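Coordinates in review
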Amino acid sequence: MVGRHLVMVQRLLPDDPELAYRHARAAEHKASRVAIVREVTGLAAYYAGQFAEALAELRTARRMTGSPDALPIMADCERGLGRPERALALAASADVASLDKAGQVEMLIVSAGARRDLGQDEAAVVSLQVPDLKARAHEPWVARLRYAYADALESIGRVEEARDWFGRAARADVDGSTDAIDRLADLDGTVFVDVDEEDGPVPENVESAQATEGEAAAAGAARPAHVERTDGGGTDGGGTDGVV
């Protein structure tokens, strides 16, 4: 029964996080001493916006396993609770060095978001200026890091640079973990519509979805599916891609 609830969490989390959270709670009710159940409950709570519950569950799971993997999400929960200073304290934890590359990048994104919460927008931009921005790895964290950097640049008015980095994020976003293409279109003033050939000519300032699909495919971009909190920070995701 616990396994069935966990399977439903995995299936429902992208589209119905509230129902996924209820399934996770049902699993926890039956197996509260199982670490993976507490971790999944914490993740489901995070996606459902229940940050206090998520933080409590993830802390418990960490005590049970000793794993630092949930640290970026825990830090983002602190942001969600209006405590960016605590998020930065978690980001400065020595255990962050034990995270894999994706986890370290997620923590960097979350800490940059915490700095923006504190009104330190310039510092957030500087904190994201790391060599990994130019990484050639085909991993979701590359797109997410570039997206966060572009978003931070836009927040301080460096729009042309932001446009460049949204474009780079879109080209790296092979699994649709960001909405970089949409942000790029917004900056360019592009409107996407579905066009039928029988509908007549298309206005000059409007691009057809049919025409842009080929361009998106050529750039290796996809529609976003990842759940994100705000400002490109947050884990979302993640290290939150494929969390269950």
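Because the structure is a prediction, the values reported are computed rather than measured.

It is worth spelling out the pattern of salt bridges at this point. Pairing of side chains with opposite charge becomes possible as their charged atoms draw close. Enumeration over the complete set of coordinates arrives at 17 salt bridges. Arg25 serves as the salt-bridge partner of Glu28, at 2.4 Å between the closest nitrogen and oxygen. Of this pair, Glu28 and Arg25 both sit in helix H2 (residues 17–30), three residues apart, which is roughly one turn of the helix. Between Arg38 and Glu57 there is a salt bridge; the shortest N-O distance is 2.6 Å. Of the two residues, Arg38 sits in helix H3 (residues 35–47) while Glu57 sits in helix H4 (residues 51–65), which places them 19 residues apart along the sequence.

Below, the discussion takes up the packing of helix H9 (residues 140–155) against helix H10 (residues 159–172). At a closest axis distance of 8 Å, the pairing of H9 and H10 adopts a crossing angle of 165°. Viewed along their axes, H9 and H10 adopt a mutual orientation that is roughly antiparallel. Crossing hand, H9 versus H10: left-handed. Here Val142, Ala143, Arg146, Tyr147, Tyr149, Ala150, Asp151, Leu153 and Glu154 of H9 come into contact with H10, specifically with Glu161, Ala162, Trp165, Phe166, Arg168, Ala169 and Ala172. The class makeup of the residues in the contact of H9 with H10 is eleven nonpolar, no polar and five charged.

Attention now moves to the packing of aromatic side chains. Applying the stated criterion across every chain, the model contains four aromatic pairs. Three or more aromatic residues link up through ring pairs in this structure, and these residues are Tyr46, Tyr47 and Phe51. Arg168 extends its terminal NZ or CZ atom over the ring of Trp165, reaching a point 4.2 Å from the ring centre.

Moving on, we get to the packing of helix H1 (residues 2–12) against H3. To characterise two packed helices, one gives the angle between the axes of the helices and the distance between these axes. Put simply, H1 and H3 touch, their axes get as near as 11 Å, and they point 30° apart. Taken together, the axes of H1 and H3 lie roughly parallel to each other. Seen from above, H1 lies across H3 with left-handed handedness. Each of Val2, Leu6 and Val9 in H1 lies in contact with H3, whose residues at this interface are Val37, Val40 and Ala44. A per-class count over the contact of H1 with H3 returns six nonpolar, no polar and no charged.

Counting through the fold element by element, Ser177 comes out in the loop between H10 and helix H11 (180–188). Each C-alpha atom of the pair Ser177 and Tyr147 lies 9.9 Å from the other, and the pair is 30 residues apart in sequence.

This brings us to the confidence of the model for the protein. Across the protein, pLDDT averages 84, with 78% of residues at or above 70. pLDDT under 50 marks residues 202–244. Its contacts with residues more than four places away, or in other chains, come to 114 contacts.

All right, on to helix H6 (residues 84–91) then. Side chains that are three or four residues apart share a direction in an α-helix, a result of its 3.6 residues per turn. Taken as a whole, H6 has its buried residues at Pro84, Ala87, Leu88 and Leu90. Buried residues of H6, seen end-on, are gathered within an arc of 160° and therefore sit on one face of the element. When the buried face of H6 is taken as reference, the exposed residues oriented beyond 90 degrees from it are Glu85 and Ala89. Buried residues along H6 sit in contact with helix H5 (71–80) and helix H7 (101–117).

Right, let's talk about the nonpolar core for a bit. Burial of nonpolar side chains together is a common tendency in soluble globular proteins. Of all hydrophobic cores here, the largest spans 35 residues; its most connected members are Tyr46, Met74 and Cys77. With seven residues, H3 is the largest single contributor of residues to this core. Core analysis: the next-biggest nonpolar cluster, separate from the first, contains 26 residues, Val142, Ala148, Ala152 and Leu153 among them.

Right, let's get into the environment of Arg63. By the secondary structure assignment, Arg63 is in helix H4. As a C-alpha pair, Arg63 and Ala35 span 28 residues in sequence and 8.9 Å in three-dimensional space.

Below, the discussion takes up the side chain of Arg79. Tracing the sequence through the fold places Arg79 in helix H5. Owing to a relative accessible area of 5%, Arg79 belongs among the buried residues under this scheme. Within the local environment of Arg79, its side chain forms a polar contact with the backbone oxygen of Gly113, the two atoms lying 3.5 Å apart.

The rules behind each value
- Residues numbered from 1 in each chain as written.
- Predicted model: local features only at pLDDT ≥ 70, side-chain atom pairs only at ≥ 80, totals over all residues.
- Heavy atoms only, no water.
- Salt bridge = Lys/Arg side-chain N within 4 Å of Asp/Glu carboxyl O.
- Helix = DSSP H or I, 4+ residues; strand = E, 2+ residues; numbered from the N terminus.
- Axes fitted to C-alpha atoms, helices over the stretch in contact; angles between N-to-C directions.
- Parallel < 35°, antiparallel > 145°, perpendicular 65-115°, else oblique.
- Left-handed = near helix turned anticlockwise from the far one by under 90°.
- Contact = heavy atoms within 4.5 Å.
- Nonpolar A, V, L, I, M, F, W, Y, C, P; charged D, E, K, R; others polar.
- Phe/Tyr/Trp six-rings, centres within 6.5 Å; stacked < 30°, edge-to-face > 60°.
- Lys NZ or Arg CZ within 6 Å of the ring centre and 35° of its normal.
- pLDDT = per-residue confidence, 0-100.
- Buried < 20%, exposed > 50% of the residue type's maximum accessible area, 1.4 Å probe, protein only.
- Arc of directions from axis to C-beta.
- Core = buried A, V, L, I, M, F, W, Y, C linked by side-chain atoms within 4.5 Å.
- Polar contact = N/O pair within 3.5 Å; in protein donor to acceptor, adjacent residues only side chain to side chain.

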